[in-house]
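# An overview of the molecular structure
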Amino acid sequence: MLPLYLISHGLSLLGNTVASIALPWLVLLRTGDATAVGLVAAASALPMLLSAVAGGVLIDRVGRRRLSIGADLASAACVAALPVVDGLLGLTVVWFVVLGVAGAVFDVPGMTAREALAPDIAEATGIGMERLAGLRESIAGGVVILAPAAAGGLIMLVDPATVLWLTAGCSALAALVTLALPKTIGAQPTATAQGDGEGAGLRGDLKRGLGVLRGDRVLTAVTLVSAGSVAVLAPLQNLVLPVHLVGKDSPGGFGVVVSLLAVGGIAGAGLYAAIGTRWSRRTVFVAAQLTSTLGIAGLALLPPVPVMWAAAVLAGAGAGPLPALFLVLVTERIPEEVRGRVLGLQNAVSMTAVPLGTLVAGLTVDWIGLRQTGALLAVAWCVVTLAIVALPALRGLDAGRGEGSPIPGQGTENADTPAT
């Protein structure tokens, strides 16, 4: 059961990563307009945000396993439609926008459904959430290393439209692998089927999810810290580093930095999966954040390239355990019947932080310069680290939901009471 879950996760992530490289290249090749690439990405942003919220509600209504299968199949169909339309009618900007938006709408709920499945797999296999989450992130790191190289090599050999068949195949295979999981895994919770007592319809469902997210201080703090982290990392990786390295006539150096970040991430996530339970979560959280701070600051200050490579390994090693630890923390504190909703809301917050952070960084580069913007990003990451160390809600990370983090509406104890 565990291998099936991890294989499904890896296949879906592989397909999405290959598509993220092949699709912009195909848009540029067919339209000859670099602006069209940005248009397709921008057109997908709002639908992705809405689907993250609505998809979380749907996950709780139809079941995590079923939604994961359906989302992967729908995503496969949308991607496969691109080469089909290209062969029959010819792809235009309109087709790219329509099919790109459709694919994005299904990708995010599918990702959220697999996250929501993780506690079910951990419980059924007895592996423990720490190890499962660490294995998930190790696989993600491996995909980050292998997928871009595979996509780039394939694009050199065949047309990008042909490469998209690989993405469609990966999504379809991911759905088939998930289908092989027992039907009882990730089934629709009984409480959801009967209603949550917050009113019928989407509004009531969202109100219940928001109530849980806001009512638990640890969940709220983890959501804000996660959003703050991606708001710093996205512009650093997508804007500051590539612009700096291209300006130094070292575009290949950026690829090395990304690969070393992934290598460090695999090492950090693997270490967490192997021995993460031997230390308190608070200790792991703070140690990982401090390690990543040294690396992120080293990257953001734009040192010589060899130093940057060393900083990338350090940043990846520190950041590697954090997504796994976040997943462990949030899933054990969220009532099962609203797990999809709360994870969907958290993903929506993080997705919003990415373009906003990149936009602010872009404006700052134009205003004060690239190196100064990098320094500000280093300071911002240090602020996130200070928040982790100082926030009262993040001092009781080892308290389970029954120990200081009650389900909202079912107790009056303080949600951030430290473990005793």
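Each value, and the rule that gives it
Residues numbered from 1 in each chain as written. Predicted model: local features only at pLDDT ≥ 70, side-chain atom pairs only at ≥ 80, totals over all residues. Heavy atoms only, no water. Axes fitted to C-alpha atoms, helices over the stretch in contact; angles between N-to-C directions. Helix = DSSP H or I, 4+ residues; strand = E, 2+ residues; numbered from the N terminus. Left-handed = near helix turned anticlockwise from the far one by under 90°. Contact = heavy atoms within 4.5 Å. Nonpolar A, V, L, I, M, F, W, Y, C, P; charged D, E, K, R; others polar. pLDDT = per-residue confidence, 0-100. Phe/Tyr/Trp six-rings, centres within 6.5 Å; stacked < 30°, edge-to-face > 60°. Buried < 20%, exposed > 50% of the residue type's maximum accessible area, 1.4 Å probe, protein only. Salt bridge = Lys/Arg side-chain N within 4 Å of Asp/Glu carboxyl O.

Further remarks concern the packing of helix H11 (residues 281–300) against helix H13 (residues 321–333). The interhelical angle for the contact between H11 and H13, taken along N-to-C directions, is 145°, at an axis separation of 10 Å. Of the two elements, H11 crosses H13, and the hand of that crossing is left-handed. Contacts from Arg-281, Val-284, Phe-285, Ala-288, Gln-289 and Ser-292 in H11 reach Pro-321, Leu-322, Leu-325, Phe-326, Val-328, Leu-329 and Glu-332 in H13. By residue class, the composition of the contact of H11 with H13 is 9 nonpolar, 2 polar and 2 charged.

This part is about the confidence of the model for the chain. The share of residues in the chain with pLDDT of 70 or more is 90%, and the mean pLDDT across the chain is 82. The least confident element of the chain, judged by mean pLDDT, is helix H7 (residues 190–194) at 47; the most confident is helix H3 (residues 64–88) at 92. pLDDT under 50 marks residues 400–420. Its contacts with residues more than four places away, or in other chains, come to 44 contacts.

We now examine the packing of aromatic side chains. Evaluated as defined, the whole model comprises 1 aromatic pair. Ring geometry for Phe-285 against Phe-326: centres 5.4 Å apart, planes inclined by 80°, an arrangement best described as edge-to-face. Of the two residues, Phe-285 sits in helix H11 while Phe-326 sits in helix H13, which places them 41 residues apart along the sequence. Phe-326 matches Phe-285 in its accessibility class, with the two residues each being buried.

A word on the pattern of salt bridges. Under the defined criterion, the tally for this structure stands at 13 salt bridges. For Arg-64, the salt bridge identified is with Asp-120, shortest N-O distance 2.7 Å. In this pair, Arg-64 sits in helix H3 while Asp-120 sits in helix H4 (residues 93–125), placing the two residues 56 residues apart along the sequence. The pair Arg-64 / Asp-120 is uniform in exposure class, with both members buried. Of the charged contacts, one joins Arg-114 and Asp-72 as a salt bridge, the two residues approaching to 2.9 Å between their closest N and O atoms. Placement of the pair is Arg-114 in helix H4 and Asp-72 in helix H3, with a sequence separation of 42 residues. Note on accessibility: Arg-114 and Asp-72 belong to one class, buried. When salt bridges that share partners are traced, they join Asp-60, Arg-61, Asp-205 and Arg-341 into one network.

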